[in-house]
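What follows is the residue order along each chain.
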Amino acid sequence: MSTDLFAEPDPFALFEAWFAQACVSELNDPDAMSLATVDEHGAPDVRVVLLKAHGPGGFVFYTNRQSAKGVELAANPVAALALHWKSLRRQVRVRGPVSLATDAMSDAYFASRSWGSRISAIASQQSRPLADRGTLEATAAELEARYEGVDPPRPAHWGGYVVTPITIEFWQDGAHRLHDRRLFTRAGPGARWESIRLCP
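Notes on the structure follow.

So, the packing of aromatic side chains
Then, number 1: In total, this model carries 14 aromatic pairs according to the counting rule given.
Then, number 2: Ring centres of Phe 110 and Trp 158 lie 5.0 Å apart, and the angle between their planes is 65°; on these two criteria the pair is classed as edge-to-face. Of the two residues, Phe 110 sits in helix 3 (residues 103–112) while Trp 158 sits in strand 7 (residues 158–163), which places them 48 residues apart along the sequence. Each member of the pair, Phe 110 as well as Trp 158, carries the same accessibility label: buried.
Then, number 3: Ring plane angle 80° and centroid distance 5.8 Å describe the contact between Phe 170 and Phe 184, whose orientation is recorded as edge-to-face.

Quick word on helix 1 (residues 11–25)
Then, number 1: Taking 1.5 Å of rise per residue, 15 residues should cover 21 Å, and helix 1 covers 21 Å from first to last C-alpha, within 8% of that figure.
Then, number 2: In the core, the buried residues of helix 1 are packed alongside strand 3 (53–55), strand 4 (58–64), strand 5 (78–85), strand 6 (90–100), strand 8 (167–172) and strand 9 (180–185).
Then, number 3: Sitting at the amino-terminal end of helix 1 is Asp 10, which places a side-chain oxygen 3.0 Å from the backbone nitrogen of Phe 12.

Side note on the pattern of salt bridges
Any two side chains of opposite charge can pair, on the condition that their charged atoms come close.
Then, number 1: Considering all chains together, one arrives at 12 salt bridges under this definition.
Then, number 2: The partner of Asp 151 in a salt bridge is Arg 118, and the shortest N-O contact between them spans 3.5 Å. Within this pair, whereas Asp 151 is found in the loop between helix 5 (133–146) and strand 7, its partner Arg 118 is found in helix 4 (residues 115–123), the two being separated by 33 residues in sequence.
Then, number 3: Using a relative accessible area of 60% as the deciding quantity, one classes Asp 151 as exposed.
Then, number 4: As a salt-bridge pair, Arg 181 and Glu 169 come within 2.7 Å of each other at their nearest N and O atoms. Taken together, the positions of Arg 181 in strand 9 and Glu 169 in strand 8 put the pair 12 residues apart, joining distant regions of the chain.
Then, number 5: For Glu 169, a relative accessible area of 7% corresponds to the buried category.
Then, number 6: Through salt bridges with shared partners, a single ionic network connects Asp 45, Arg 47 and Glu 72.

Conventions and cut-offs
- Residues numbered from 1 in each chain as written.
- Predicted model: local features only at pLDDT ≥ 70, side-chain atom pairs only at ≥ 80, totals over all residues.
- Heavy atoms only, no water.
- Phe/Tyr/Trp six-rings, centres within 6.5 Å; stacked < 30°, edge-to-face > 60°.
- Helix = DSSP H or I, 4+ residues; strand = E, 2+ residues; numbered from the N terminus.
- Buried < 20%, exposed > 50% of the residue type's maximum accessible area, 1.4 Å probe, protein only.
- Expected span 1.5 Å × (residues − 1).
- Contact = heavy atoms within 4.5 Å.
- Polar contact = N/O pair within 3.5 Å; in protein donor to acceptor, adjacent residues only side chain to side chain.
- Salt bridge = Lys/Arg side-chain N within 4 Å of Asp/Glu carboxyl O.

And the structure:
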């Protein structure tokens, strides 16, 4: 699908348009994005998470804050994101500082999850060693019995993160690898966006 990357001056509006199209055309998980952080040795670490909110306030995802990514973000609160929509032959890359989502945001999203997903979030000590699968399943079963018929509470260590972009790059596939790329940059959160075209 072709598009004029230079018709929209606002990167958030452009992302919203692309994301809406991806939600229609992408077969699985249009909100899936790679999240890159930096570990204690300065080495990059990447995994896939789900984008749960986006806009001028930033790009939001949720996780166990005691996980590897949570520990890395606590020590070095910067991240990079990448969303790839194969059906549209498009990619968006984001880089910027990371902050914690508010308790109200985390509570609201946790409450919106399925009951089983909330149980799993409580049961899993994410990224920590696990003796065997049966141990995890037994913990989940105990929690299911404990919270039968009631809403499981959000664990204090589970919540959201907000990536506030300093750069957002849009990539559109082109014939014969003559792709189109537009890079938005700003000096800091709230500053004015500038944009340039990049060679493919």
